[in-house]
Structure formats: structure tokens, C-alpha cells
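In case you want the letters, here they are:
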Amino acid sequence: MRAAPRVRALVLALLLPLVPATAHAVDIGIAAFGGTSIPIVQEDVKTGGTYGVRVPVSIIPLVSVEPFFASSNLSDGEETLGGVTYTRDGFQNSTFGVNAMLGSLANAPGIKFYPYLGIASTKLTRSGSDDIKEVSYNFGLGAGLGFKRVALHGRAELNMVKTDLTSRKFANLTLGLSYDLFKKL
Amino acid sequence: MKMRSLLAALALAAMTSGCILTSGQFLVSFELGDVRVPGPTTLVSQVVDLNTISEYRDHKSNLKTLADLALLGTITNNTSNPVDVEVWMTKDQTSYLLEQDLKANGVRIWGPFHLAGNETKQVDWDTSASLFDATGKAALIGEIKGDGVFTLYAIGTTGLYDFSIHDGQFVAVLDAAL
């Protein structure tokens, strides 16, 4: 709960480049992605699938922002104790946030690489436990292969959900397709 | 430049607050074995010493909190009367026989887990995790972050009872720095 105002402030700050939109080239797209989410140093949950949508926006040269929604269904944790295999419900991870990257995400022919950072509001839900609602951070590297208005994107990122004094971390590997909805040069 | 500063600030925010990045969730289990509780005047105690578990010893000094808790096993109601099973804890090593002594000196941490007459039921992890109450969980976290030694008792909630626990296990997922 404490983190919510901070998230809002940072999201607004990241979206500030949108304000002078009329003075620059504009590119707005939509992207869908899917892949795998791998828990890092978490012995009570296993790898699961992830999917979501992104809205890449490029307005000022060299900078893009990208609001996104992502959802992961992590597989159940398993432990055999006394000859009995017990399972623990894997998390359902729902995330709303925004990424920012140096470079334009406007689709263009060719290959491009782009490191990015993001901040988000994340909810981790599992049976038998209270929901975890916290700030999460993304660090990643993307690669895009463009074909005019369409591009294929592969990304590898570290997603870190802050949980009080520690965190739950996931390595997300995704493949996505983006389409330019609006482009003004 | 403004955007670069913002990205740098974002990265810095993520890195702060100690060991957020270098932490993990580690599973520790302690075997409680087989126990028969014949009634409220013949309680059976089980001392849990987590220091005998290497995973606990490895992370004890960097332990921040607990990510998850569970009491697992199979419980059989040995009578034809229904029973609700609870687990209580005392912070020290104790061996109370009477329920009234336990309740005067211990704290309820788990339950109730309902069994019909002569029923046998396995306690699954998800159900078990939901049966810890806030007060008991806080007390248990205090012990696990403390000396790691405490005593558990299983009791029925009302009247006379007789139940058995087979292959009991205490499970904790430690939230610790690396």
C-alpha cells in the first residue's frame, strides 16, 4: 500500500515525454507477447507461462515508453516428505506497469537491440495465502526484427517483485509481435 | 539528459533497501513423525529444533521473514465423534500433559482442521497454509528467527478425543538474503 503513490509518481514521470507530442515524430503501436517465467532462487514455485500486451510509444528521439500488462501462471511447487509428494499452489502473477528504453520502438526494417527498465504494480496470488501486492522492477534486453509496420521482438528480462526486506525474482523470456497503429514523422 | 537521469534513479530505487536483489526463498522441513493423542489429559509434545536442519543453519543469520508455513501429514480420528484438530506452540521445550496447562502457557498457531468420526484425511499444503492464524504465525516467526527451538502440541477443540497423526511434517519457506 505504501508503494502505490511512488509507483504512480514514477509512472507519471515516465509518461512525461508524451506531453509535447505535437512537436515530434510519433509512433504508437500495439504488441502481444508470450513466453516463460522462471523463478530464481525460489524453492516453493516452479516455471510457468507468461503472456501479455504492450503499447510501445515513441515520441522524442532516442526514447520510448511502453505501458504493459503481463500475467504469469507459475507451476506448483513440489516437495516429497515422508514418502508423500505435496504440492504448493504456484503464483498467479498479474502486473501493470511501464517500461522505458533508449531508442525508438517504431517498427522499421532491420534488427535492433534495446536495453530497458521498467516499474510496475504487481499482484502475486496463491491459494492459502494473502495476496502480495507490491512494486516490481524490470531490467532487460530486447531484440527486434522489423518489417515495415510489423516487428518480431524477443526479450530476456529480470522481473523483481519487492516483498518487504527481500524479493521474488523471475527470469522472463518472451517472444512477441508488434504492429504500428499510428505513425507521424 | 532528463530521461537518462530518470532511468538512473529508477535503477537506483530498485537496488536500494539492502538485500532485495540478493535474496531467495528456501524450503526447510522438520519431520514430526507419528503421534497419537489419546485425549486432553495425555498430551504429546514434539520438540522442534530447526538447528538440526542444514538449510536452516545456512540461512539463519540472513533470515528476514517467512514466505510460507505448513503442517503436513495424515490425521486419523480414532473415535466416532467428530473432532477439530488444532496445533499449539510453546516457545520453550516443554512437556505438558494437561490441555489447561498448555493453553495457559502456549499459543494456538494452526487449525481447526475438521475430521468426521473415524475419518482419515491428509492435510494438503494449500489448506494447511491457510489454517495459520495471524497471532500464532507471528509467534512462530519469532521463534524461527530466534533460537529455532520450540515445542508443538496437537489437541482437539472440545471434549474427549483421540486422534493420530501419521508422517507429520513441519514446513517453512525462509525468506533470506544470500
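Parameters and conventions
Residues numbered from 1 in each chain as written. Chains lettered and ligands numbered in written order. Predicted model: local features only at pLDDT ≥ 70, side-chain atom pairs only at ≥ 80, totals over all residues. Heavy atoms only, no water. Helix = DSSP H or I, 4+ residues; strand = E, 2+ residues; numbered from the N terminus. Buried < 20%, exposed > 50% of the residue type's maximum accessible area, 1.4 Å probe, protein only. Contact = heavy atoms within 4.5 Å. Areas by Shrake-Rupley, 256 points an atom, 1.4 Å probe, with all protein chains shown as cover. Pairing = 2+ DSSP bridges. Axes fitted to C-alpha atoms, helices over the stretch in contact; angles between N-to-C directions. Phe/Tyr/Trp six-rings, centres within 6.5 Å; stacked < 30°, edge-to-face > 60°. Lys NZ or Arg CZ within 6 Å of the ring centre and 35° of its normal. pLDDT = per-residue confidence, 0-100. Core = buried A, V, L, I, M, F, W, Y, C linked by side-chain atoms within 4.5 Å. Salt bridge = Lys/Arg side-chain N within 4 Å of Asp/Glu carboxyl O.

## Re the overall build of chain B
Counting its regular elements, chain B contains five helices and eight strands. In sequence order, chain B lays out its α and β elements as α-β-β-α-β-β-α-β-β-α-α-β-β. Looking at the 178 residues of chain B, the share that counts as buried comes to 52%. Sequence separation of at least 24 residues holds for 82% of the intrachain contacts in chain B that already meet a minimum separation of 6. For chain B, the accessible surface area stands at approximately 7,700 Å², while carbon and sulfur atoms represent 52% of it.

## Focus on the sheet that holds strand S8 (residues 163-177) of chain B
Residue and element names in this part refer to chain B. As summarised here, the arrangement of the four strands in space is S1-S8-S3-S6, forming an open sheet in which the pairing is antiparallel. Edge positions in the open sheet fall to strand S1 (23-37) and strand S6 (120-123), since each of these has one partner strand only. Between one strand axis and the next, the sheet turns through 15° on average, direction left out of account. In this structure, strand S3 (residues 63-77) lies alongside S6, joined through four bridges in antiparallel fashion. Pairing of Ile75 across the sheet is with Lys121, part of S6. Contacting S3 and S8, helix H5 (residues 134-145) crosses the sheet at an angle of about 115° to S3.

## Concerning the packing of aromatic side chains
The tally for this structure, following the rule as stated, stands at six aromatic pairs over all chains. Each ring, one from A:Tyr114 and one from A:Tyr116, has its centre 6.4 Å from the other, and the planes form 40°; the classification is tilted. Each member of the pair, A:Tyr114 as well as A:Tyr116, is classed as buried. Here B:Trp110 and B:Phe113 contribute two aromatic rings whose centre-to-centre distance is 6.0 Å and whose plane-to-plane angle is 25°, an arrangement assigned as stacked. Owing to a relative accessible area of 2%, B:Trp110 belongs among the buried residues under this scheme. A cation sits over an aromatic face here: A:Arg54 above A:Phe33, 3.9 Å from the ring centre. Over the ring of B:Phe113 we find B:Lys121; its NZ or CZ atom is 5.0 Å from the centre of that ring.

## With respect to the confidence of the model for chain B
All names here are of chain B. Looking at chain B, the pLDDT average stands at 91 and 89% of residues meet or exceed 70. Confidence, read as mean pLDDT per element, is least for helix H1 (residues 2-15) in chain B (54) and greatest for S6 (98). At the level of chain-chain contacts, confidence expressed as ipTM amounts to 0.86, with global pTM at 0.85.

## Considerations on the nonpolar core
Counting 46 residues, the largest nonpolar core has B:Ile109, B:Ile144, B:Leu152 and B:Phe170 as its most contacted members. Dropping the residues within four chain positions of it, B:Leu152 is found in contact with B:Leu32, B:Val44, B:Ser45, B:Gln46, B:Val48, B:Leu71, B:Val87, B:Trp88, B:Met89, B:Ile109 and B:Phe170. Counting residues in hydrophobic clusters, the runner-up holds 13 residues, among them A:Val57, A:Val98, A:Ala100 and A:Val135.

## Considering the pattern of salt bridges
Scanning all chains against the criterion turns up eleven salt bridges over all chains. Here A:Arg88 ties to B:Asp68 by a salt bridge, and the two come within 2.6 Å at their closest N and O atoms. Taken together, the positions of A:Arg88 in strand S5 (residues 84-88) and B:Asp68 in strand S3 put the pair across two chains. This pair shows no difference in class: A:Arg88 is buried, exactly as B:Asp68 is. Between B:Arg108 and B:Asp133 there is a salt bridge, with the nearest N and O atoms lying 3.0 Å from each other. In this pair, B:Arg108 is assigned in strand S5 (residues 107-115) and B:Asp133 in the loop between helix H4 (125-130) and H5, connecting sequence segments 25 residues apart. Given a relative accessible area of 23%, B:Arg108 falls into the partly exposed group. The network of salt bridges with common partners includes A:Asp44, A:Arg88, A:Arg126, A:Arg168, B:Asp68 and B:Asp126.

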